[in-house]
There are 2 protein chains.
Amino acid sequence: MHRTSSTPPTCSGPVRLGPHARAALRPAVAGIDAGFWHDRREVNAQTSLPQGPGLLESAGNLHNLRLAAGTAEGEFRGSYPFVDTDVYKWLEAASWQLADEAEGDLAAHVDHITGLVAAAQQPDGYLNTWFQLVKGGERYKDLRWGHELYCAGHLIQAAVAHHRSTGRPELLDVARRFADHIDSVFGPPGSGRPIDGIDGHPEVETALVELYRETGERRYLDLAAYFVDRYGHGLLGGEAYCQDRVPVREATNVEGHAVRQLYLLAAVTDLATEAGDGELRATAERLWHAMTATKTHLTGGLGAHHDQEDFGDPYELPNERAYCETCAAIASVQWSWRMVLLTGEACYSDLIERTLYNGFLAGVSLDGERWLYVNPLQVRDGHTDPGGDQSARRTRWFRCACCPPNVMRLLASLPHYLATTDDDGLQIHQYVTGRYSGDGVTVRCATDYPWHGTLAFTVEESPADRPWTLSLRVPRWCQDVRVRCGEEAYDGPVTDGWLRLRRSWAAGDRVVLELTLEPRLTVADPRVDAVRGCVAIERGPLVYCLEQADHPGGGLDDIVVDTTRPLAVKHRPDLLGGVTTVVAAGRRRAAPRPGWWPYTPYTQHTQHTQHTQHSQHTRQAPHTPEQTQEEPVELTAVPYYAWANREDGSMRVWLPTS
Amino acid sequence: MHRTSSTPPTCSGPVRLGPHARAALRPAVAGIDAGFWHDRREVNAQTSLPQGPGLLESAGNLHNLRLAAGTAEGEFRGSYPFVDTDVYKWLEAASWQLADEAEGDLAAHVDHITGLVAAAQQPDGYLNTWFQLVKGGERYKDLRWGHELYCAGHLIQAAVAHHRSTGRPELLDVARRFADHIDSVFGPPGSGRPIDGIDGHPEVETALVELYRETGERRYLDLAAYFVDRYGHGLLGGEAYCQDRVPVREATNVEGHAVRQLYLLAAVTDLATEAGDGELRATAERLWHAMTATKTHLTGGLGAHHDQEDFGDPYELPNERAYCETCAAIASVQWSWRMVLLTGEACYSDLIERTLYNGFLAGVSLDGERWLYVNPLQVRDGHTDPGGDQSARRTRWFRCACCPPNVMRLLASLPHYLATTDDDGLQIHQYVTGRYSGDGVTVRCATDYPWHGTLAFTVEESPADRPWTLSLRVPRWCQDVRVRCGEEAYDGPVTDGWLRLRRSWAAGDRVVLELTLEPRLTVADPRVDAVRGCVAIERGPLVYCLEQADHPGGGLDDIVVDTTRPLAVKHRPDLLGGVTTVVAAGRRRAAPRPGWWPYTPYTQHTQHTQHTQHSQHTRQAPHTPEQTQEEPVELTAVPYYAWANREDGSMRVWLPTS
């Protein structure tokens, strides 16, 4: 039933601009034909998405909808007030997928589940099975934890996706009724609305902007603007966790619960775009740059603390306790994409690329059946995993199952995060094999990226009457780029991350961009204490890691990488679905017999002399560790996104150099 | 009303050996007259302990007891089922203090609160205000979280302390009735008792052993043995958090919730001692050494995770997210002291010393009025503290107020953790100014330890008829020790941490021990990733840290210590109640303008060459950080225990060397 479209889908994606938007760029779309992301999307389409309805059934989410509709009997199932969002996110993901496969099993499931959602809605538009069934209909009494507006937000996003993909009104009608209900209840003092309040988990704000974009109904935009500016005034108790410590316009860095912060900032950017609010734009730019410079893991992962799912302090970027929730990586892509449209700057797409290939993609197994909620950068030798949602081992589904359908919706809508247009032409932000289309221009790209750096573009459709600019993003990790236009080498500048080729294009014109993919070693700012004295291996957009499975005969915690020896590249079609590995020279310390205590005198320099000066008086032997034995070992690094797809074992992204 | 006793108290302390115990050493006692610990205990006696009743009143703990007794009306106050233990731990602390001040306000408060506890007890002996008032008397239905036996344990410990200090039966009678009730309810299948179960939080086990020691009632020892061996069989769901993943006899390292593990292991050691169980002894030794070698912070702090208050993996010893709950440090001292008695080995007292002077003492402010629940080894520049119990800022009291009265009870009972006797003489484990007494021997010590390393001992009382051995522990941090006996230098060996002086002592005999207190730099095992490339400053038993308050003009996260320059010592009577500081040479990087991204190419070695080889093709400047500017800065390190007693700011124990 599944077909791969070789023509770009015609519906628009998750972010459409309103008629008054002040954006630098307009979203375009790509049809992904083959290659890396095609394969990941195929697994999503053929395994993850089809398994969704069964998992939602067995976890009780659909049962709860039937209970609310009065068409089933029994107890509410699930532990959280936001279990409905698992359904909504799956519906959104499936709706984007319907652009590729409009009919068949998936469409039937979407119809069926849409019907369950519609039936569960109350006559006045309210919809939340937890509050309808468990809380006896006590609405909006626990905004800090209740997630009622958060759930509404995901419903709205699903409805917009469904409408954009299918043109059908059923789910959009449900969402509008709920949005209208919310708009009748929430508003500032003096507005005549009974509640001046916000949700503990931002999400409805960006959804309401998109509902405005879809319907043209300005009320939804105004409601989103109201919500965004009510955070930070203590309505939720003033905690950073709920984004309530400080008004976002005054914030100097991202803080609190990572996903909440990022969804809020997506809305901030939406509002800056639609309302032309320069202060909100400056806020979004300031916070994005602060986050990227001080609170982002090498993988693009976000969130340093398990406790409170919090961002942590600047430069607090732990490895084994990195939280890096899969949903935070997704939210980061969603926010950065809005920044792309607003500003046109390449840095946002740089972070999107890094996040997609690493911190995001690690969230789903290669077979599409198992998930990671948290994405650590290290698993120690002998790690005893407690299991549960925050496990470092992949899990079939979670008690709090926010991440899996979130992954599905991003993969299904991925063609909409790759390219833009403006009045001057087409900008290609992310490289895939397929066709980029917008505003009467179509450019085909053939590539084996990220394994190879050759990107071969062919103009397939071009307006005959005017020159336009083909803009190709040169990633910041790339320090060596070569370009050929037709048969000629091109020697123009790369400016602010863009290679801009302006000319009168004709169908059949060819451009070849070569991004050199030398493997490289990366170090961190010295304030990132967690990785002092370490390097990471990267190649192109991919962050690499060592896994225990490739290093028998000892653990990974005793390994040192030799930075004086060159890195080698080896493509391994047999390994992890086909990956290019990076091979490095290293040494493994023979694990010394543990002493009584893991701390010893510093003896390299002056201190050593001082201690030994007094040795004639020393009554007990100094407690120095045994002499360390080392043996050479070949290190095989695999892409981080592919980790945890073999037997359980240790893993490291950052490798000590001595 | 408070007096400082210059004669050792005659009651015994928290650990008394039973008549059949197989212990290497017997507990002795010290009267602390002056000096470091005298001052800390004075603050405890004059500020912390007297404030207890008022805080227990305002937090609702005493109100709950009155509610349970039917002598007050209102709602239960507090969020946890174990709030009664705040009362019990204060009662225990106050009872130990009564050894120094038998009459007065404190004694009156003890009498009053003992009366409240007794009145709240139910006729069959059960006592837990949460379950009596909130849970409608539903007993023992939620052993995993209910803490009913945990509360009983703290009641028993308080009662034993009260009985040992005052000889009075009131509280001991309450505790025995509760213990008898528990003994009538809990037992193995086939025992005729209705419940085969254990408490989610171990604690009652070590308390029951002590109740056996106090009363001679063997049933209590048997009940403790039953409980200890029922952990690890899935009765609580099999989680490490509750010590239920693996039977303790099979465990290879400490795991799960740190305080739970440590209280359980105190009981394991008690049972090994009282029952002569060699397997339990081997278990305790194995786990203590594994913990000390792989899961102990430099401060003696224990517990790597905020989440679940968990130990974490071996060598996972973070700095800013070190949990190191104050209660875990206390539990570590309690366990290690039992290991001291069981084995006679000095290593356990080495860890006790380190923990007392650092990870434990940091838990209370210098003025005795504010507390730390968690004890991190780093607070970053610009740290935004969320407040709450797990804050890195000192707090007046906690919602979960386990730590403050726990600190009070250890300080009040400290004289009982310092010395032991055996048939051969007296062993001094910890050095204080005062008199050590046991088995007809009294030795006075005068010292300004830990600021100075001179320990002057005078024999004050000695049996005339036999030689005996004065054993002085030589701490493992000390690599240079000198001894004079009378006027003569002594040149005997230090064996396994002990300097043993055997002779026929007479009153007036003098021994002077000189522990050289050179400040020193310490490094960690390379597997401790968190502190790679760093050193810590120590002097004697004290771990040092840098505080923002002593380093104006910039943050601490840009500081580097120069390990080639000598450390200097400067006593500062004006500072933090009088401390010896360690002054080191350092440099401060002028904070570079942040780049867009905190990761950059590794350029020192081969990689640099590889990149620049291709520079003719490079279209954009490599994103190298700006050249780093450094300025010299004098670093003033203060003892870790004294941190967070001035204005809020950053703090570091581990200092980068480059």
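Residues numbered from 1 in each chain as written. Chains lettered and ligands numbered in written order. Predicted model: local features only at pLDDT ≥ 70, side-chain atom pairs only at ≥ 80, totals over all residues. Heavy atoms only, no water.

Participant: Describe the overall build of chain A, and please don't skip the residues or the numbers.
Facilitator: Along its length, chain A carries 16 helices and 24 strands. For chain A, the C-alpha radius of gyration of 26 Å lies close to 26 Å, the compact-globule estimate for 658 residues. Projecting the C-alpha coordinates of chain A onto the three principal axes gives extents of approximately 90 × 65 × 50 Å. Residue burial in chain A is summarised as follows: out of 658 residues, 65% are buried. Within chain A, counting contacts between residues at least 6 apart in sequence, those at least 24 apart form 70% of the total. (Helix = DSSP H or I, 4+ residues; strand = E, 2+ residues; numbered from the N terminus. Rg over C-alpha atoms; globule rule 2.2 N^0.38 Å. Buried < 20%, exposed > 50% of the residue type's maximum accessible area, 1.4 Å probe, protein only. Contact = heavy atoms within 4.5 Å.)

Participant: Outline helix H13 (residues 326-343) of chain A, listing residues and values.
Facilitator: The first and last C-alpha atoms of H13(A) sit 26 Å apart over 18 residues, in line with the 26 Å expected at 1.5 Å per residue. The element H13(A) is largely enclosed, with a buried count of 18 among its 18 residues. (Expected span 1.5 Å × (residues − 1).)

Participant: Describe the side chain of A:His297, naming the residues involved and giving the relevant values.
Facilitator: Within the secondary structure layout, A:His297 lies in the loop between helix H12 (278-294) and H13. Among the polar contacts made by the side chain of A:His297, one reaches the main-chain carbonyl oxygen of A:Pro318 at a distance of 2.9 Å. If we skip the residues at most four places from it in the chain, A:His297 touches A:Gly303, A:Ala304, A:Leu317, A:Pro318, A:Ala322, A:Cys324, A:Leu377, B:Trp597 and B:Tyr599. (Polar contact = N/O pair within 3.5 Å; in protein donor to acceptor, adjacent residues only side chain to side chain.)

Participant: Quick rundown of the relation of the copies chain A and chain B? Include the residues and the values.
Facilitator: Between the two copies, chain A and chain B, the superposition gives an RMSD of 0.0 Å; the rotation angle is 180 degrees and the shift along the axis is 0.0 Å. In the structure described here, the two chain copies are related by an operation that fits a two-fold rotation axis. In this assembly, 100% of the residues forming the interface of chain A have copies in chain B that are likewise at the interface, indicating an isologous arrangement. (Least-squares fit on C-alpha atoms with pLDDT ≥ 70 in both.)

Participant: So, the nonpolar core: which residues are in play, and what are the values?
Facilitator: Residues and elements named next belong to chain B. Of all hydrophobic cores here, the largest spans 216 residues; its most connected members are Trp37 and Val117. Per element, the largest residue contribution to this core is twelve residues, and it comes from helix H13 (residues 326-343). Leave out the neighbours within four places in its chain, and tryptophan 37 touches Ile32, Leu356, Tyr357, Phe360, Leu361, Leu411, Leu414 and Val432. (Core = buried A, V, L, I, M, F, W, Y, C linked by side-chain atoms within 4.5 Å.)

Participant: So what about the state of the cysteines? Which residues, and what values?
Facilitator: Residue and element names in this part refer to chain B. Under the definition given, this model contains zero disulfides over all chains. No disulfide involves cysteine 324; its sulfur sits 12 Å from the nearest other cysteine sulfur, which is in cysteine 403. Here cysteine 324 falls in the buried class, since its relative accessible area comes to 2%. Counting only cysteine sulfurs, cysteine 478 is the nearest neighbor of cysteine 347, a cysteine outside any disulfide, at a range of 17 Å. (Disulfide = S-S within 2.5 Å.)

Participant: Let's hear about the pattern of salt bridges: which residues, and what values?
Facilitator: Should the charged atoms of two oppositely charged side chains come close, the side chains can pair. Residues and elements named next belong to chain B. Overall, the coordinates contain 99 salt bridges over all chains when judged by the stated rule. Between aspartate 183 and arginine 193 there is a salt bridge; the shortest N-O distance is 3.1 Å. Within this pair, whereas aspartate 183 is found in helix H8 (residues 170-185), its partner arginine 193 is found in the loop between H8 and helix H9 (204-215), the two being separated by ten residues in sequence. By relative accessible area, arginine 193 is classed as partly exposed at 33%. Residue arginine 354 is joined to glutamate 538 by a salt bridge in which the shortest nitrogen-to-oxygen separation is 2.7 Å. Placement of the pair is arginine 354 in helix H14 (residues 346-360) and glutamate 538 in strand E16 (residues 534-539), with a sequence separation of 184 residues. (Salt bridge = Lys/Arg side-chain N within 4 Å of Asp/Glu carboxyl O.)

Participant: Break down the interface of chain A and chain B for me, citing the residues and quoting the values.
Facilitator: At the junction of the two partners, chain A supplies 88 residues and chain B supplies 88 residues. Taken together, the two surfaces of chain A and chain B that pack against each other cover about 8,000 Å², and 51% of this comes from carbon and sulfur. The shortest N-O distance in the salt bridge between B:Arg380 and A:Asp529 comes to 3.0 Å. Elements that contribute at least two residues to the side of chain A that touches chain B include exactly H12, helix H14 (346-360), strand E10 (481-485), strand E15 (520-524), strand E16 (534-539), strand E21 (599-601), helix H16 (606-613) and strand E24 (654-656) of chain A. Per-element tally for the side of chain A that touches chain B: the top contributor is E15(A), with five residues. (Buried area = accessible area lost by both parts, 1.4 Å probe.)

Participant: Please set out the packing of helix H4 (residues 105-120) of chain A against helix H8 (residues 170-185) of chain A residue by residue, giving values where relevant.
Facilitator: Residue and element names in this part refer to chain A. The geometry of H4 relative to H8 is characterised by a closest axis approach of 10 Å and an angle of 25 degrees between their N-to-C directions. Taken as axis vectors, H4 and H8 run roughly parallel relative to one another. Classified by chirality, the crossing of H8 by H4 is left-handed. Across the interface between the two elements, Thr114, Val117 and Ala118 from H4 touch Glu170, Leu171 and Val174 from H8. Of the residues that constitute the contact of H4 with H8, the class distribution is four nonpolar, one polar and one charged. (Axes fitted to C-alpha atoms, helices over the stretch in contact; angles between N-to-C directions. Parallel < 35°, antiparallel > 145°, perpendicular 65-115°, else oblique. Left-handed = near helix turned anticlockwise from the far one by under 90°. Nonpolar A, V, L, I, M, F, W, Y, C, P; charged D, E, K, R; others polar.)

Participant: Pulling in residues and values, what's your account of the domain arrangement of chain A?
Facilitator: Residue and element names in this part refer to chain A. Under the domain assignment used here, chain A contains domain 1 (255-363), domain 2 (420-515) and domain 3 (521-594 + 626-656). Its C-alpha centre places domain 1 at a distance of 27 Å from the equivalent point of domain 3. Taken together, the 13 residues of domain 1 in the interface contact 17 residues of domain 3. Interface of domain 1 and domain 3: buried area, both sides summed, is about 1,300 Å²; carbon and sulfur atoms make up 67% of it. The largest contributions to the domain 1 side of the interface with domain 3 come from Leu298, Tyr315 and Asn358, which together make up 44% of the buried area. The interface formed by domain 1 and domain 3 includes one salt bridge. Between domain 1 and domain 3 we count five residue pairs in polar contact (both at pLDDT 80 or more) in total. (Domains from an automatic or database assignment.)

Participant: Tell me about the sheet that holds strand E12 (residues 494-495) of chain B, and please be specific about residues and values.
Facilitator: Residues and elements named next belong to chain B. Taken in spatial order, the six strands of this open sheet run E1-E4-E5-E9-E13-E12, and their pairing is mixed. Of all strands in the sheet, those bounded by a partner on one side alone are strand E1 (26-27) and E12. Note that strand E4 (residues 419-422) and strand E5 (residues 425-428) share four bridges and pair antiparallel. Looking at the pairing, alanine 419 lines up with isoleucine 428 of E5. The strands that H13 touches are E1 and E4; relative to E4, the one it contacts most, it runs at about 20 degrees. (Pairing = 2+ DSSP bridges.)

Participant: Which residues make up the confidence of the model for chain A, and what values go with them?
Facilitator: All names here are of chain A. Overall, the predicted model of chain A reaches an average pLDDT of 93, with 94% of residues at or above 70. Note on residues 1-11: pLDDT under 50 across the span, and 31 contacts to partners over four residues away in sequence or across chains. Counting contacts from residues 605-626, a segment whose pLDDT is below 50, to residues more than four positions away or on other chains yields 40 contacts. Confidence metrics for the complex model read pTM 0.94 and ipTM 0.92. (pLDDT = per-residue confidence, 0-100.)

Participant: Kindly report on the UniProt feature "domain: Non-reducing end beta-L-arabinofuranosidase-like GH127 middle" (unreviewed entry) in chain A, identifying the contributing residues and their values.
Facilitator: Listed under "domain: Non-reducing end beta-L-arabinofuranosidase-like GH127 middle" (unreviewed entry) in the UniProt record, and renumbered for this structure, are residues 426-516 of chain A. Annotation note: span residues 426-516 of chain A, helix share 0%, strand share 57%, distance between end C-alpha atoms 23 Å. (UniProt positions renumbered as here; feature names shortened; annotations may be inferred.)

Participant: An account of the side chain of B:Asn645 is requested, with residue identities and associated values reported.
Facilitator: Residues and elements named next belong to chain B. Tracing the backbone through its elements, the reader meets asparagine 645 in the loop between strand E22 (630-639) and strand E23 (651-652). A distance of 2.9 Å separates a polar side-chain atom of asparagine 645 from the backbone nitrogen of leucine 366. Of the polar contacts made by the side chain of asparagine 645, one reaches the backbone oxygen of alanine 642; its length is 3.0 Å. When sequence neighbours within four positions are dropped, the list of residues in contact with asparagine 645 reads Ser365, Leu366, Arg370, Arg394 and Leu576.

Participant: I'd like to hear about the sheet that holds strand E5 (residues 425-428) of chain A, residue by residue, with values.
Facilitator: Residue and element names in this part refer to chain A. Reading across the sheet, the six strands line up as E1-E4-E5-E9-E13-E12 and stay open at both edges, with mixed pairing between neighbours. Edge strands, defined here as strands with exactly one partner in the open sheet, are strand E1 (26-27) and strand E12 (494-495). One ladder, built from four bridges, connects E5 with strand E9 (residues 468-473); its direction is parallel. Note on E9: the bridge partner recorded for leucine 426 is leucine 470. The strands touched by H13 within the sheet are E1 and strand E4 (419-422), with E4 carrying the most contacts at an inclination of about 20 degrees.

Participant: Help me get a handle on unusual backbone geometry, residues and values and all.
Facilitator: Cis geometry marks the peptide bond from A:Tyr449 to A:Pro450; its omega dihedral reads 5 degrees. Among the secondary structure elements, A:Pro450 is positioned in the loop between strand E7 (441-447) and strand E8 (454-461). A positive phi angle is found at B:Gln308, which is not glycine, with a value near 70 degrees. Tracing the backbone through its elements, the reader meets B:Gln308 in the loop between helix H12 (278-294) and H13. Of the residues examined, B:Gln308 reaches a relative accessible area of 41% and is grouped as partly exposed.

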